[in-house]
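Now for the letters of each chain:
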Amino acid sequence: MSRVKILVIIALYAMIMMPLQAQEWQTVSKFEFEMWGGLGVPLGGYHRGDSKTGASVGMSLRYNFSEIPVDCGVYVALNSARRDFKRYSGDGDYYQNNRTGSFGIEGNYNFGQGLKVNPYAGLCLGVGVNDVVGDRHVLSSGTTMSIMPRLGVELFHHLRVGAYCQLTRRGYNNAGLMIGIVVGGRPRK
């Protein structure tokens with residue numbers, strides 16, 4: 001994905017998020033920790049490979065601001081963009097798993113902070129370390145920028161269900177669904 005497209009996506013995301021106001025929210029405890037896992041699929045084509053489901057895992061530590069329904073923190077994640085390839089010479093098929101380990105900062109806007117149903121929209125920005133696992137049909141690796149917008153809902157202060165889209169580089173971009181467990185961030189009494 002070109003840098004211009006990435007900048008356009010970030011600008012559109014920022015313009016959408018600026019006018020949003022929470023209808024109702026409460027002050028919550030200052031820190032929360034989340035661990036998540038999920039399934040994702042590669043975005044876009046890559047050397048005629050067939051897209052397959054891959055795994056996504058991660059965790060984050062966030063600080064909740066007391067005056068506004070916003071949190072920010074740090075995250076670490078591992079996402080995969082798995083593809084199957086047909087052998088053009090010889091017998092059988094083989095696969096390649098393009099993994100991205102990323103770490104960086106994140107921020108979320110909570111539309112119902114402190115409520116039992118809390119929709120959120122967030123953005124993770126960081127460094128992505130790309131690596132190939134599997135039969136290695138196309139060798140590629142390196143370090144890139146990682147952008148991961150996320151949308152979802154936090155239920156009963158502990159369960160997060162959401163969708164993400166990780167943009168890092170061609171062959172490694174993916175999107176998927178995730179489920180997370182949150183510790184902390186409960187409403188203050």
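Everything in this summary refers to the structure shown in the same document. (Residues numbered from 1 in each chain as written. Predicted model: local features only at pLDDT ≥ 70, side-chain atom pairs only at ≥ 80, totals over all residues. Heavy atoms only, no water.)

## Quick notes on unusual backbone geometry
Here comes step 1: Of note in the backbone geometry, Phe-156 takes a positive phi value of approximately 55° without being a glycine.
Here comes step 2: Looking at where Phe-156 falls in the secondary structure, it is placed in the loop between strand S7 (142-155) and strand S8 (159-166).
Here comes step 3: With relative accessibility at 53%, the residue Phe-156 sits in the exposed group.
Here comes step 4: You will see that His-157, though not glycine, has its phi angle at about 70°, which is positive. (Helix = DSSP H or I, 4+ residues; strand = E, 2+ residues; numbered from the N terminus. Buried < 20%, exposed > 50% of the residue type's maximum accessible area, 1.4 Å probe, protein only.)

## Side note on the nonpolar core
Here comes step 1: Counting 8 residues, the largest nonpolar core consists of Trp-36, Tyr-75, Ala-77, Tyr-120, Cys-124, Met-148, Tyr-164 and Met-178.
Here comes step 2: Broken down by secondary-structure element, the contributors of at least two residues to this core are strand S4 (70-86) and strand S6 (117-134).
Here comes step 3: Once residues within four sequence positions are removed from consideration, Cys-124 is found in contact with Tyr-75, Ile-105, Glu-106, Ser-146, Ile-147, Met-148 and Arg-150. (Core = buried A, V, L, I, M, F, W, Y, C linked by side-chain atoms within 4.5 Å. Contact = heavy atoms within 4.5 Å.)

## So, the pairing of S8
Here comes step 1: Where burial is concerned, the two faces of S8 differ: the one with Arg-160, Gly-162, Tyr-164 and Gln-166 is buried and the one with Leu-159, Val-161, Ala-163 and Cys-165 is not.
Here comes step 2: By the bridge criterion, 6 bridges tie S7 to S8 in an arrangement that is antiparallel. Bridging across to S8, Leu-155 finds its partner in Leu-159.
Here comes step 3: Hairpin connection, S7 to S8: the antiparallel pair is bridged by 3 residues, and Phe-156 has positive phi, about 55°. (Pairing = 2+ DSSP bridges.)

## Points about the side chain of Glu-32
Here comes step 1: Relative to the assigned elements, Glu-32 resides in strand S1 (residues 31-42).
Here comes step 2: Glu-32 has contacts with Ser-60, Leu-61, Arg-62, Asn-64, Asp-71, Glu-154, Arg-160, Val-182, Val-183, Gly-184 and Gly-185, leaving out every residue within four places of it along the chain.

## Overview of the environment of Val-74
Here comes step 1: Mapped onto the secondary structure, Val-74 falls in strand S4.
Here comes step 2: For the pair formed by Val-74 and Leu-125, sequence separation is 51 residues and the distance between their alpha carbons is 9.4 Å.
Here comes step 3: In contact with Val-74, not counting residues within four places along its chain, are Met-59, Ser-60, Leu-61, Gly-104, Ile-105 and Glu-106.

Scope: geometric values only; no functional claims are made or implied.
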